[in-house]
Amino acid sequence: MTTIPVLSPSTFVTFSRALRWRLKTTRLRGPPRTSFIYGVSHDLASSQDSGGIYERWASEYGVVYVIPSVFRQSRIVLCDPRAIAHFYARETWTYLQTPLTAALRETTVGRGLLWSEGEAHKRQRKALTPAFSNAAIRKLTSVFYDSAYKAKGAWDTVIESSKDGDAVIEVQNWMNHISLDTVGIAGFSHDFGSLDGKRASVTEVFDTFGANQQASTMNNMFFLLASAFPIITKIPNKRMNLTKKLSATMGKIFNDLLIRSRREKDANISERDEEKSVIGLLMKSESQNGELHMSAEEVMAQMKVLLVAGYETTSISLTWALIELSRHPDVQTRLGEELVAFGADPTYDQLKANLPYLDAVVHEILRFHPPLGEFTRLAAADDVIPLSEPVHTESGEITDSISIAKGTLITISIAAINRSLAIWGPDAKEYKPDRWLTEDGITGKAKEVQGHRHLLTFVDGPRTCIGKDFAIAEFKAVLSVLVKDFVFEMRDGPNTEVEIASGLLPRPRVVGEDGIGVPLRIRRYE
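Quantities reported herein were computed from a predicted structural model and do not represent experimental measurements. Along each chain, the written sequence defines residue order, and numbers are assigned to residues from 1. In keeping with the predicted nature of the model, local features appear solely for residues at pLDDT of at least 70, side-chain atom pairs appear and are counted solely at 80 or more, and the whole-chain, interface and lining totals rest on all residues. Working from all heavy atoms in the structure, the side-chain values ignore hydrogens and water.

Topic: helix α4 (residues 81–89)
Counting buried residues in α4 gives seven out of nine residues, a clear majority hidden from the surface. When α4 is considered as a whole, its buried residues turn out to be Pro81, Ala83, Ile84, Ala85, His86, Phe87 and Tyr88. Accessibility here uses a 1.4 Å probe with only protein chains present; expressed as a share of the type maximum, an area under 20% marks a residue as buried, one over 50% as exposed, and anything in between as partly exposed. Numbering of helices and strands starts at the N terminus; helices are DSSP runs of H or I of at least 4 residues and strands are runs of E of at least 2.

Spelled out as structure tokens, the structure:
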């Protein structure tokens, strides 16, 4: 008697999904698997230039290609401006966070703007948008300057006590403190006091990320496996424990802050000034019914999101700016001359329109060193993605669009697109602010990239960074103070090597330094 094998329900579902994916998804070319377990994911995670790897594969296999990932997973990589624009237009609806990304974001910052999708994301974003208008940021510019001048005053004291008229200062730690205090005061009317030497609990947790780089390597392996099996994140490890500690610490601070703010609102203290601040809008959304209502859980999550995002990204960009200015003294001199010639501290509107070289320096940093290097999303429905140029499929056919099946993983490398030779031209690998000063400085292909100033740094579409203008204004204000008053050099000379270290997000670090150290030699500008 012949025995007919019976598939378990889970096996049948897995088999059906795999078969559907093969039938519905365009079979693309791509690099071979280098690891049975990790595919090529470990190569990318351990590289100092994953964007360069993605770009090399694009030149070899076409502007869209497939890469083998953890276990038997695969990911389709988009390196084509038209394909990326199509993707962004459908994000939060057709393209959603992977289960791992959603789980990690919920653990870190809760069910807020970063975590939500679709209508929930649209509602939360609409409620917060007034806090990031030009009018709102214009009122906050003085906060940016206050933080910068606190750092300037401390550095002046250190330099004055030096016999040689200069001092070696670890700048990344200072940029962290500037960003933390700024987002605390500007967003929540709360001074963390890190620039005044206070060791707040949240500061200590933030500083712990990236302190142990050996542990960070192990964390990379852990998260690669978790991309295939998200349940692994339930297993305790140092990184997850630290993430939970950060979330709990922020929760306690913001809970106390909300209690105080609610009392002040009930007493009608400064309600007029608070109504368009982040915390004022959050309390308003919590108290009202209707379209923009937010639950207490969502309110807490938004505060965590804005603190983490405002702290991490701006401090990373400021640190990279000081590194690149140290590497390019001609750029630093030219920027200093523009700022000194301008005179008084620029207003918000002047920061936006009246300092072209400062604008160029800042946007070249955002192009060259995006804080977030790449991301992956999951297709929630079948889709057809158009291409700006045709590609060869696995069978050798030529196509100008690709079919995507529900369940497909899609990856976009921001670093690859921002520094692509094919998109930005032969000088794409150079730090060159001048490209932003002339009409022909941005090539035709780069102009096809939809995003702020043709960059993917702030992504695009429904998930465009809500704090983009806030971040750029803070970046410019702080840099204008520091470059007008100081000259920066690499401590060990212009050829000092800088590598990527693991913090909450990837951060620069001078090779040989502990943690995320970036020591620079600083003297007064004359």
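Focus on the pattern of salt bridges
Salt bridges are defined as contacts in which a side-chain nitrogen from Lys or Arg sits within 4 Å of a carboxyl oxygen from Asp or Glu. Scanning all chains against the criterion turns up 34 salt bridges. Between Arg75 and Glu374 there is a salt bridge, and its shortest N-O distance comes to 3.8 Å. Within this pair, whereas Arg75 is found in strand β2 (residues 74–78), its partner Glu374 is found in strand β5 (residues 374–379), the two being separated by 299 residues in sequence. Where Lys445 meets Glu448, a salt bridge forms, and the shortest distance between an N and an O atom there is 3.7 Å.

Structural notes on the packing of helix α7 (residues 134–160) against helix α8 (residues 171–188)
Helix-helix packing is described using two parameters, namely the angle between the two axes and the distance between the axes. With their axes 9 Å apart at the nearest point, α7 and α8 run at an angle of 150° to one another. Looking at the two axes, α7 sits roughly antiparallel to α8. Every pair of crossing elements has a handedness; the one defined by α7 and α8 is right-handed. Contact residues: α7 offers Leu140, Val143, Phe144, Ser147, Ala151, Ala154 and Trp155, while α8 offers Val171, Trp174, Met175, Ile178, Asp181, Thr182, Ile185 and Ala186. Only Asp, Glu, Lys and Arg are considered charged in this grouping, and only Ala, Val, Leu, Ile, Met, Phe, Trp, Tyr, Cys and Pro are considered nonpolar; every other residue, Gly among them, is considered polar. Broken down by class, the residue content of the contact of α7 with α8 amounts to twelve nonpolar, two polar and one charged. Each axis is a line fitted through C-alpha atoms, and for a helix only the stretch in contact is used; angles between axes span 0 to 180 degrees, taken between their N-to-C directions. For this classification, under 35 degrees means roughly parallel, over 145 means roughly antiparallel, 65 to 115 means roughly perpendicular, and everything else is oblique. Each crossing is labelled by how the near helix is turned from the far one, with a counterclockwise turn of less than a right angle marking it left-handed and a clockwise turn marking it right-handed. Contact definition: two residues touch when any of their heavy atoms are within 4.5 Å.

What to know about the packing of aromatic side chains
By convention, a stacked pair of Phe, Tyr or Trp rings (six-membered ring in the case of Trp) has centres within 6.5 Å and planes under 30 degrees apart, an edge-to-face pair has planes over 60 apart, and any other such pair is tilted. Applying the stated rule across the entire model yields 18 aromatic pairs. On the numbers, 6.3 Å between centres and 75° between planes, the contact of Phe132 with Phe470 is edge-to-face. Residue Phe132 is located in the loop between α6 (118–128) and α7, and its partner Phe470 is located in helix α20 (residues 468–485); the two are separated by 338 residues in the primary sequence. Take Phe132 and Phe470: they sit in the same class, and that class is buried. Every member of this aromatic cluster is reached through a ring pair, and the members are Tyr54, Trp57, Tyr61 and Tyr65. Here, a charge over a ring is recorded when the distance from Lys NZ or Arg CZ to the ring centre is within 6 Å and its angle to the ring normal is within 35 degrees. Lying across the ring of Trp424, Arg367 places its NZ or CZ 5.5 Å from the centre. The ring of Phe368 has Arg419 lying over it, and the distance from NZ or CZ to the ring centre is 5.8 Å.

Thoughts on the sheet that holds strand β3 (residues 95–97)
Across a sheet, strands are paired by hydrogen bonds formed along the backbone, either parallel or antiparallel in direction. Here, strands pair whenever DSSP counts at least two bridges between them. Spatial ordering of the open sheet is given by β1-β2-β8-β5-β3, a layout of five strands whose pairing is mixed. Each edge of the open sheet is held by one strand with a lone partner, namely β1 (64–68) and β3. Pairs of neighbouring strands in the sheet enclose a mean axial angle of 40°, with direction left out of account. Sheet strands in contact with helix α3 (residues 50–61) are β1, β2, β5 and β8 (409–413), and its direction is about 120° off that of β1. Set on the sheet, helix α5 (residues 99–109) makes contact with β3 and β5; between it and β3 the angle comes to about 45°.

Interpretation note: all reported values are geometric properties and have no functional meaning in isolation.
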